[in-house]
Structure formats: C-alpha cells, structure tokens
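# Chain and residue survey
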Amino acid sequence: QVQLVESGGGLVQAGGSLRLSCAASGRTFSTYAMGWFRQAPGKEREFVADIMPSGGVTTYADSVKGRFTISRDNAKNTVYLQMNSLKPEDTAVYYCAADTSWQRMHYSKSPIYWGQGTQVTVSS
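This section reports on the structure supplied with the text.

Rules and cut-offs
- Residues numbered from 1 in each chain as written.
- Predicted model: local features only at pLDDT ≥ 70, side-chain atom pairs only at ≥ 80, totals over all residues.
- Heavy atoms only, no water.
- Core = buried A, V, L, I, M, F, W, Y, C linked by side-chain atoms within 4.5 Å.
- Buried < 20%, exposed > 50% of the residue type's maximum accessible area, 1.4 Å probe, protein only.
- Helix = DSSP H or I, 4+ residues; strand = E, 2+ residues; numbered from the N terminus.
- Phe/Tyr/Trp six-rings, centres within 6.5 Å; stacked < 30°, edge-to-face > 60°.
- Pairing = 2+ DSSP bridges.
- Axes fitted to C-alpha atoms, helices over the stretch in contact; angles between N-to-C directions.

### Some points on the nonpolar core
Ranked by internal contacts, the top residues of the largest apolar core, which has 36 residues, are Met34, Trp36, Val79, Leu81, Met83 and Tyr94. Put simply, the parts of the chain that give this core at least two residues each are β3 (18-24), β4 (33-39), β5 (46-51), β7 (68-73), β8 (78-83), β9 (92-99), α1 (102-108) and β11 (118-123). Broken down by element, this core gets its largest block of residues, five residues, from β9.

### Quick notes on the packing of aromatic side chains
The final tally for this structure, using the stated rule, is four aromatic pairs. A centroid spacing of 6.1 Å and a plane angle of 65° characterise the contact between Tyr32 and Tyr113, whose relative ring orientation is edge-to-face. With Tyr32 in the loop between β3 and β4 and Tyr113 in strand β10 (residues 113-114), this pair connects stretches of sequence that are 81 residues apart. For Tyr32, a relative accessible area of 8% translates into the label buried. Ring geometry for Trp102 and Tyr107: centres 5.7 Å apart, planes at 80°, overall edge-to-face. Take Trp102: its relative accessible area is 15%, and that puts it in the buried class.

### Here we look at the sheet that holds strand β1 (residues 4-7)
A sheet is described by the order of its strands in space; here four strands give the open sequence β1-β3-β8-β7, paired in antiparallel fashion. Only two strands of the sheet have a single neighbouring strand rather than two, namely β1 and β7. Between one strand axis and the next, the sheet turns through 15° on average, direction left out of account. Across six bridges, the pairing between β3 and β8 is antiparallel. Along β8, the bridge assignment pairs Arg19 with Gln82.

Here you go:
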C-alpha cells in the first residue's frame, strides 16, 4: 500500500504558475504509475496527466496540454505537476494518484491509491 500527500496548492492570478508536489510512502515508488486528477465545484473528477513508472511516457488532458508538465523523482518518491499559464477554469481540488497498473491509470482513469487533495484557485 502507498500513502500520498499533496502540497503546493494555493491562490494565484490568471497567467501565473504553481508547482504541485506529491510525496509517496513506501519503498516501491518506482514501480507505480502516477497521475494527477482534479475536481472543480459541481463537476466530476477529471484526468489531468499521468506518467509511467520509469518517467519515460507522459500523457495530458487536452485542456492542459502545453501548459502543465508532470514529472517524477523516483529517488525522492515524489511526483510533480508544474502548472503554467493558469486560467480561472483550472480552479479545482487537485488529487495525486498511484497504481501499479499503468493501464488502469491511463485507460480506466481509476487508480487504486489517492491523496487527500490540494486546492488550486486561479483568480481572473
């Protein structure tokens, strides 16, 4: 089992940047696919980005492509989400997720492990 703790959320003006971090417990972080999801008020949770265990392949939702970058540091058991050119519609609670199955993370968008979430608010 893995525990995930997000940090780095906050309030930022439109056009600004934030970097989210997700620290994972356990010794097998490098075997987990990692992802970020978000949920805005009154909306369903949606996929943002994911990254394979090796970090070699990343995938993004169309709404964030070119603005967000997911990365990981397996030596630090941490995954990051660099968010640039933020828009008010990016306002949401952002969740870190982990799964030993990249396929379940990527295709089913239903990873097993979830963090508690961190709030990102973008003002116009």
